[in-house]
Amino acid sequence: MTEALVASLPLGAVQAAATTATSLDKPEMATNALHQLVLAQLDDDQAQEIVTIPLEGKSSIADHMVIASGRSTRQVASMAQKLAEEIKKAGFGHARVEGLPAADWVLIDAGDVVVHLFRPEVRTFYNLERMWSFEGSEVSMQGRN
């Protein structure tokens, strides 16, 4: 991993994950580093009820789905824009962002990690956690609840 990439990552969990990965040439390490970057950035931005659903081997759309809430449309939009910028800055390419104008539900497609950011009422209505949970799969809650 290049020193420039490590220096550009936020401190804490992401940098620790990046330091342990010896190379981003290995797709599984790159996916894990991207996933840790997403989780750390959402935690830094005070996202609420952060949930990770592992999709590896269960779906071809991504390896991880992250679902989180913001307190308002303004916070959801801000978190989405900042996350997309940080993903690009860390060298993971351009993340596609959908739903930003209304910011009730914003989807960020970063390739191996898909992020859904909701306002709490919209998240409750769609209940993606239940829809995407698989029998026997682990859904992990992280960050602020």
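The rules behind the values
- Residues numbered from 1 in each chain as written.
- Predicted model: local features only at pLDDT ≥ 70, side-chain atom pairs only at ≥ 80, totals over all residues.
- Heavy atoms only, no water.
- Helix = DSSP H or I, 4+ residues; strand = E, 2+ residues; numbered from the N terminus.
- Contact = heavy atoms within 4.5 Å.
- Areas by Shrake-Rupley, 256 points an atom, 1.4 Å probe, with all protein chains shown as cover.
- Salt bridge = Lys/Arg side-chain N within 4 Å of Asp/Glu carboxyl O.
- Buried < 20%, exposed > 50% of the residue type's maximum accessible area, 1.4 Å probe, protein only.
- Patch = residues over 30% accessible without salt bridge, like charges linked within 9 Å, V, L, I, M, F, W, Y side chains within 5 Å.
- Phe/Tyr/Trp six-rings, centres within 6.5 Å; stacked < 30°, edge-to-face > 60°.
- Core = buried A, V, L, I, M, F, W, Y, C linked by side-chain atoms within 4.5 Å.

**Quick look at the overall build of the protein**
Summing up its helical and strand segments, the protein has six helices and six strands in all. Counting only contacts in the protein whose residues sit at least 6 apart along the sequence, the fraction spanning at least 24 positions is 57%. As displayed, the protein has an accessible area near 7,900 Å², and 51% of this comes from carbon and sulfur atoms.

**A short note on the pattern of salt bridges**
Here the structure, examined in full by the defined rule, presents six salt bridges. A salt bridge links Arg123 to Glu129, with the nearest nitrogen and oxygen atoms 2.4 Å apart. No difference in accessibility class separates Arg123 from Glu129, as the two residues are buried.

**Thoughts on the side chain of Asp45**
Tracing the sequence through the fold places Asp45 in the loop between helix H3 (27-44) and strand S1 (48-54). In contact with Asp45, not counting residues within four places along its chain, are Gln75, Met79 and Lys82.

**Focus on a nonpolar patch on the surface**
Nonpolar side chains collect at one region of the surface, where Trp105, Phe125 and Tyr126 lie side by side and expose about 340 Å² of accessible area between them. Inspection of the secondary structure assignment puts Trp105 in strand S4 (residues 105-109).

**Considering the packing of aromatic side chains**
For the coordinates displayed, the defined rule picks out three aromatic pairs. Ring geometry for Trp105 and Tyr126: centres 4.7 Å apart, planes at 50°, overall tilted. With Trp105 in strand S4 and Tyr126 in helix H5 (residues 120-126), the pair connects residues that are 21 residues apart, well separated along the chain. A network of ring pairs unites the aromatic residues Trp105, Phe118, Phe125 and Tyr126 as a single cluster.

**Quick look at the nonpolar core**
The nonpolar side chains of a soluble globular protein tend to be buried with one another. Of all hydrophobic cores here, the largest spans 24 residues; its most connected members are Val38, Leu42, Val66, Ile87, Ile108, Val115 and Leu117. Elements with a contribution of two residues or more to this core: H3, strand S2 (64-69), helix H4 (73-89), S4 and strand S5 (113-118). Per-element accounting of this core gives the leading share, six residues, to H4. Sequence-distant contacts of Ile87, defined by excluding residues within four places in its chain, comprise Leu34, Leu37, Val38, Phe92, Gly93, Ala95, Ile108 and Ala110. Met65, Ile67, Val114 and Phe118 belong to the second largest nonpolar core, which has ten residues in total.

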